[in-house]
Amino acid sequence: LGPTVTVGEILVEIMATTVGAGFLSPQPLVGPFASGAPAIFIDQVAQFGGAAGIVAAVGADDFGTLNVERLRTDGVDVSAVAIVPGKPTGSAFVRYRADGSRDFVYNITHSAAGDTSMTAAARTLIARGGHVHVMGSAFAIPGIGAVILEAVASIRARGGSVSFDPNIRKELAQGDEGRRLIDDMLAVTDLLLPSGDELLVAADAATEPAAIARLLDLGIGEVVLKRGSAGSSHFSRAFGRVDCPAFAVEEVDPTGAGDCFGAAYLTSRRAGLPPARALLYANAAGARTVTRQGPMEGVSSREDLERFIAAAGREVK
Ligand code: ATP
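So, here is what we can say about the structure in this document. The numbers attached to residues start from 1 for each chain and follow its sequence in the written order. Under the rules for a predicted model, residues below a pLDDT of 70 receive no local features and side-chain atom pairs below 80 are neither given nor counted, while totals for whole chains, interfaces and linings still include all residues. As a rule here, side-chain values cover all heavy atoms of the structure and leave hydrogens and water aside.

1. Quick word on the site of the ligand
Here is step 1 of the chain: Here a residue counts as near a molecule or strand whenever at least one of its heavy atoms sits within 4 Å of it. Surveying the vicinity of the ligand reveals 21 residues, the closest of which are S195, G228, G231, E251 and N283.
Here is step 2 of the chain: S195 is positioned with one of its side-chain polar atoms (N or O) 2.9 Å from an oxygen atom of the ligand.
Here is step 3 of the chain: Here an oxygen atom of the ligand and a backbone polar atom of G231 are 2.9 Å apart.
Here is step 4 of the chain: Against a free-state accessible area of 620 Å², the protein chains account for coverage of 89% of the ligand. Pairing of N or O atoms within 3.5 Å defines a polar contact, subject to two protein rules: one partner must be a possible hydrogen donor and the other a possible acceptor, and residues neighboring in sequence count only if both atoms are side-chain atoms. Accessible surface area values rest on a Shrake-Rupley calculation with a 1.4 Å probe, where residue burial reflects the displayed protein chains alone.

Quick look at the structure:
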């Protein structure tokens, strides 16, 4: 089947180099780094060796060029990234607090990403797609939701599959509309990739076992739970429960771990690898990401991951 396609926001990330709360005073910053959860995800798909393309929109500015050239160089099909005149590429300012949580200042909603639409180039890419990956964060940007849902319908109608990372961020829109979107997505999802409490929120359940049971009953083929430094777990009717411990690394910057994890997992599964092996690659991809500053700076090739796994004394079975 055809490439993995995603639809969503591309932006730059600029981060504080000191730990503390908020952006209320001048402080040293580093960046811009290529970013946007869908962009990180699709870059990691391509770096792992999967065919990959993204439907997105950026401004005719340096931040847009930085992102598009990075994706192109890494092997992502950027033919469906529109350049929107008169609107800036989005940005996010990020600062880490001492407890590891993050403060964001987002400039995305009114950026070029809001002009993402079903262009002829997007239609052509989606018509070739074999899989579509959906990020919850993208629905917060006006207009993108409709493009995502059209891509999902089109790819499913041709026998393709769907993965969904709820990617629930407190800074982005939630409420009744968020709930409806999650429910609509769960009805068409083959692979669900929640992290932490997102599992309970997505399933509207009180405990992990109840959430898993509910999601598998809905017809979701696989649920893969990201547990940060505690690793990950796969749940499905076909394979039951498969746990994979995390790799021990020093965390420098957690941004992008979940996206790189999801991309390595999906691309492994699409290549026919069993869940245990896909989880090992995915945990390795997540772990490598957190050791690098910058959301997309820790993406890994399959060879990088195999070396990393071997160096940790673990085996790719
Ligand atoms: P983010 O939103 O920050 O991109 P996420 O919340 O979606 O991430 P996490 O569970 O934080 O997802 O990370 C995904 C995977 O990356 C984990 O399941 C784990 O395999 C790996 N990982 C993340 N943090 C660490 C860490 N500190 N040490 C080792 N592995 C980690």
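2. Regarding the pattern of salt bridges
Here is step 1 of the chain: Any carboxyl oxygen of Asp or Glu that lies within 4 Å of a side-chain nitrogen of Lys or Arg is treated as forming a salt bridge with it. Under the criterion given, the structure shown has 18 salt bridges.
Here is step 2 of the chain: The shortest N-O distance in the salt bridge between D217 and R237 comes to 2.6 Å. Linking D217 in helix α7 (residues 208-217) with R237 in the loop between β12 (232-236) and β13 (240-244), this pair joins segments that are 20 residues apart in sequence.
Here is step 3 of the chain: We classify D217 as exposed; its relative accessible area is 59%.
Here is step 4 of the chain: Given the relative accessible area of 58%, R237 is considered exposed.
Here is step 5 of the chain: Measuring nitrogen to oxygen at the nearest pair gives 3.0 Å for the salt bridge that ties D304 to R307. Of this pair, D304 and R307 both sit in helix α10 (residues 302-311), three residues apart, which is roughly one turn of that helix.
Here is step 6 of the chain: For every residue, the accessible area (1.4 Å probe, protein chains only) is compared with the maximum for its type, and the residue is labelled buried under 20%, exposed over 50%, or partly exposed between those bounds. Residue R307 is classed as exposed on the basis of its relative accessible area, which comes to 55%.
Here is step 7 of the chain: Residues joined by salt bridges that share partners form a network here, namely D43, R70, D74 and E297. Counting from the N terminus, the helices are DSSP H or I runs at least four residues long and the strands are E runs at least two residues long.

3. Quick notes on the sheet that holds strand β2 (residues 11-16)
Here is step 1 of the chain: Being paired, for any two strands, means DSSP has found at least two bridges between them. Strand order in the open sheet made by the four strands is β3-β2-β6-β7, with mixed pairing throughout. In this open sheet, the two edge strands, each paired with only one partner strand, are β3 (29-35) and β7 (102-107). The mean inter-strand angle of the sheet, taken between neighbouring strand axes irrespective of direction, is 20°.
Here is step 2 of the chain: Taken together, the five bridges between β2 and β3 define a ladder with antiparallel strand orientation. Lines fitted to C-alpha atoms define the axes, with helix axes restricted to the stretch in contact, and inter-axis angles between N-to-C directions lie between 0 and 180 degrees.

4. Section: the nonpolar core
Here is step 1 of the chain: Here the nonpolar core consists of buried residues drawn from Ala, Val, Leu, Ile, Met, Phe, Trp, Tyr and Cys, with membership extended through side-chain atoms lying within 4.5 Å. With 46 residues, the main nonpolar core has I10, I42, I54, L71 and V81 as its most contacted residues.
Here is step 2 of the chain: Contributing elements (two or more residues each) for this core: α1 (37-48), β4 (52-59), α2 (62-73), β13, α8 (257-270), α9 (275-290) and α10.
Here is step 3 of the chain: Contact between two residues is taken to exist if any of their heavy atoms lie within 4.5 Å; hydrogens are not considered. Sequence-distant contacts of L71, that is, excluding residues within four places in its chain, are made with I10, A39, I42, D43, I54, V76, V78 and M296.
Here is step 4 of the chain: Judged by nonpolar contacts, the second largest core, of 43 residues, contains V5, V55, A138 and I155.

5. Examining the side chain of S300
Here is step 1 of the chain: Relative to the helices and strands, S300 resides in the loop between α9 and α10.
Here is step 2 of the chain: A distance of 3.3 Å separates a polar atom in the side chain of S300 from the backbone oxygen of G298.
Here is step 3 of the chain: Those residues in contact with S300 that lie beyond four places of it in its chain are Q44, Q47, F48, R288 and L305.

6. A short note on α1
Here is step 1 of the chain: Expected helix span is computed as 1.5 Å times (number of residues minus one). Taking 1.5 Å per residue as the helical rise, α1 with its twelve residues ought to reach 16 Å, and the 17 Å between its terminal C-alpha atoms agrees with that figure.
Here is step 2 of the chain: Counting buried residues in α1 gives eleven out of twelve residues, a clear majority hidden from the surface.
Here is step 3 of the chain: For α1, the full list of buried residues reads A37, P38, A39, I40, F41, I42, D43, Q44, V45, A46 and F48.

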